[in-house]
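# Secondary and tertiary structure notes
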Amino acid sequence: MKIINGGVCAAKGFKAAGVRCGIRKTQTKKDLAVVVSDVKASAAAVYTTNLVKGAPLAVTKKHIEDGFAQAVICNSGNANTCNANGIEIAEQMSELVSKQFDIKAEDVVVASTGVIGQPLDIEPIADGIPMLAEQLSYEGNDDAAEAIMTTDTVKKQVAVEFELGGKVCHMGGMAKGSGMIHPNMATMLVFITTDAAISPEMLKKALSSDIADTFNMVSVDGDTSTNDMVVVLANGLAQNKEVTEDDGDFAEFMKALNTINVQLCRMIAGDGEGATKLLECKVDGAKTKDTAKTVAKSVITSSLTKAAMFGADANWGRVLCAIGYSGADVDVNKIDVSFESAKGKLDVCKNGAGIEFSEEFAKEVLLEKEINILVSLNDGNAEATAWGCDLTYDYVKINGDYRT
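A few points on the structure. (Residues numbered from 1 in each chain as written. Predicted model: local features only at pLDDT ≥ 70, side-chain atom pairs only at ≥ 80, totals over all residues. Heavy atoms only, no water.)

### Quick notes on the packing of helix α1 (residues 55-63) against helix α2 (residues 86-101)
How we decide: Working convention: axes come from line fits to C-alpha atoms, limited for helices to the stretch in contact. Angles between N-to-C directions cover 0 to 180 degrees. Every helix listed is a DSSP run of H or I at least four residues long, and every strand listed is a run of E at least two residues long, numbered separately from the N terminus. Every angle not falling under 35 degrees, over 145, or within 65 to 115 is termed oblique; those three ranges are roughly parallel, roughly antiparallel and roughly perpendicular. Each crossing gets its hand from how the near helix is turned against the far one by less than a right angle, where anticlockwise is left-handed and clockwise is right-handed. We call two residues contacting when some pair of their heavy atoms lies within 4.5 Å. All residues other than Ala, Val, Leu, Ile, Met, Phe, Trp, Tyr, Cys, Pro, Asp, Glu, Lys and Arg, Gly among them, are scored as polar; the first ten of these are nonpolar and the last four charged.
Contact geometry for α1 and α2: axes closest at 8 Å, N-to-C directions at 50°. As summarised for this structure, α1 and α2 are arranged oblique, according to the angle between their axes. Of the two possible hands of crossing, α1 and α2 adopt the one that is right-handed. Taking contact as the criterion, the partners of Ala55, Pro56, Ala58, Val59, Lys62 and His63 in α1 are, on α2, Gly86, Ile87, Ala90, Glu91 and Ser94. Split into classes, the residues belonging to the contact of α1 with α2 amount to 6 nonpolar, 3 polar and 2 charged.

Following this line, the structure appears as C-alpha cells:
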C-alpha cells in the first residue's frame, strides 16, 4: 500500500468539481461541490447521533437504503438544519444533480455545512449546478475539497493505492472539519471514494467498524455537530473480484480504509479552529479496548490539558485529572504519563505520582507542532489512540462572531 495524490479523484471513474455559487457572503470562497462516479456505486454512510439533525442526512439515508449511490452534492457556508423546508431543499438539490448529470435523484448523496438555523436559498445552488458540470473533471478534487471548507484553513485530502485479488485498487478521501468536532458515529463531512468492488453489506460493515477507532476518537471542542456524516462510494472499476465476505481481501480493504481515515483524523484535529498544535493521546496497558478509548478521548477533550499544551506547560496533573473523571476502570496508582515530540520524550509521572524533570526540556518538547501524550495504565494489554488540538485565544475569537 502506498500514499498517492488525487483525493476523491484518485479512484478510477470519479470526477469532481467545486465552485462559488454565492451562498457565502464572501465573494472569493467556493461553496458548492460535487463528486460523480461514472457508474452506480455501492454506498455506505454513518451519521451524527445529535438529536438535531440536518435535513440532508434524512434524505441521504433514504437515498442509500438500497446500498447504492452515484453522486455527492455538498454546499458550505449555510447548513441546511432547523429549516422548515429543509427536506424540500435537500430533495431539490438531488433533483438538480439528477437532471444535470443524467443520474437518478435517489442515487444522490446530499450534504450541507455552515451556520445552523439560517434559511437556505435554493437559487444560488440551482445557478451553481451548471457551473459544476462545466468544471467537472477527473482532476477536480482540489476544487471540491476547497468548496466544502468552512473555518478550515487547509484542504484535507488523502489517497492510497492497494491490491485486492491481484488487481490494483485506489481509495481517496476529502474531509471538512475544524470546529464543532466531537464525533459520536461521525461528526464532520467526509467523502471517500474507491474503485474497489465490494458489496454494500461489506462496505457498511467496514465503515461502521473503522469509525469506532478513527473519527469517533477525534475531538476539537467537545461539540457534536448536526449535519455531518461519513460516506463511502465504491464503484468496482478496478475489476477485482467483489468482496462479499470477511476474508483476506476484506482485511486488505479495511487496511486501506483505516489508512485514509486515520490521516483525515489527524488533518481535522491539527486544523481545529484556532489550533496551533496537533495532539495525539496514545493509551496502552488497559484492561479492555473500551477502557483505553475512554481514557484517550477524555484526555484529548480536557480543556485544561488542551490549554496547557497551547502554553507549552508540562502540567501533567491535568492529564491525570481527565483520566480520573473519565469513568474508566483504572488503578490511578499504576499510571505513567509522558510527553513526546520531535524534540524527544519527557517522562513526567510514574505510578500516579510526579517525578523530577527539566522544565527547560519540557518547554522544548511542548513547543513543537505535534505532541504525543503517552499514557500507560499498566493494567492489561489493550490500547487506543485519540486525536485533538490545543485550545487557543483564537478559538474564542472565531466562535464569538461565527454567525455575524
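### Some thoughts on the packing of α2 against helix α3 (residues 122-135)
As a packed pair, α2 and α3 sit with axes 10 Å apart at the nearest point and diverge in direction by 25°. As far as their axial angle goes, α3 and α2 are roughly parallel. Both α2 and α3 take part in a crossing whose hand is right-handed. Judged by residue contacts, Ile89, Gln92, Met93, Leu96, Val97, Gln100 and Phe101 of α2 engage Ile122, Ile125, Ala126, Ile129, Pro130, Leu132 and Ala133 from α3.

### Points about the nonpolar core
Under the convention used in this document: Take the buried residues of types Ala, Val, Leu, Ile, Met, Phe, Trp, Tyr and Cys, join any two whose side-chain atoms come within 4.5 Å, and each joined set is a nonpolar core. Exposure classes here rest on a 1.4 Å probe applied to the protein chains alone. A residue is buried below 20% of its type maximum, exposed above 50%, and partly exposed in between.
Core analysis: the biggest nonpolar cluster contains 76 residues, and Phe339 and Val375 have the highest contact counts within it. A per-element tally of this core places helix α6 (residues 248-270) first, with 11 residues. When near neighbours in sequence (up to four residues on either side) are disregarded, Phe339 contacts Met309, Ala314, Trp316, Val319, Gly344, Lys345, Leu346, Val348, Val365, Leu366, Asn372 and Ile373.

### Some points on the pattern of salt bridges
Here is the rule we go by: Salt bridges are identified by distance alone: a Lys or Arg side-chain nitrogen within 4 Å of an Asp or Glu carboxyl oxygen.
Tallied over the full model, the rule gives 19 salt bridges. With a shortest N-O distance of 3.3 Å, Asp213 and Lys289 are connected by a salt bridge. With Asp213 in the loop between α5 (200-211) and β9 (229-234) and Lys289 in helix α7 (residues 289-301), the pair connects residues that are 76 residues apart, well separated along the chain. Residue classification places Asp213 among the partly exposed residues on the basis of a relative accessible area of 32%. Linking Asp213 and Lys293 is a salt bridge whose minimum nitrogen-to-oxygen distance equals 3.6 Å. Residue Asp213 is located in the loop between α5 and β9, and its partner Lys293 is located in helix α7; the two are separated by 80 residues in the primary sequence. In the salt-bridge network here, residues are joined through shared partners; they are Arg266, Glu280, Lys282 and Glu370.

### Remarks on the environment of Asp102
Among the secondary structure elements, Asp102 is positioned in the loop between α2 and β5 (108-112). Assessed through its relative accessible area of 72%, Asp102 is described here as exposed. Distance in space between the C-alpha atoms of Asp102 and Lys176 is 27 Å, their sequence separation being 74 residues.

### Side note on a negative patch on the surface
As a reminder of what qualifies: Here, patches come from residues exposed beyond 30% relative accessible area and free of salt bridges, joined within 9 Å for like charges and within 5 Å for nonpolar side chains (Val, Leu, Ile, Met, Phe, Trp, Tyr). The Shrake-Rupley method, run with a 1.4 Å probe, gives the accessible areas here. Residue values count only the displayed protein chains as cover. Residues scored as charged are limited to Lys and Arg (positive) and Asp and Glu (negative), so that His and the chain ends carry no count. Charge placement uses NZ in Lys and CZ in Arg. For Asp and Glu, CG and CD serve respectively.
On the surface, Glu65, Asp66, Glu95 and Glu106 cluster together to form a negatively charged patch. Of note, Glu95 is situated in helix α2. Assessed through its relative accessible area of 39%, Glu95 is described here as partly exposed.

None of the figures reported here should be taken as evidence of function without further support.
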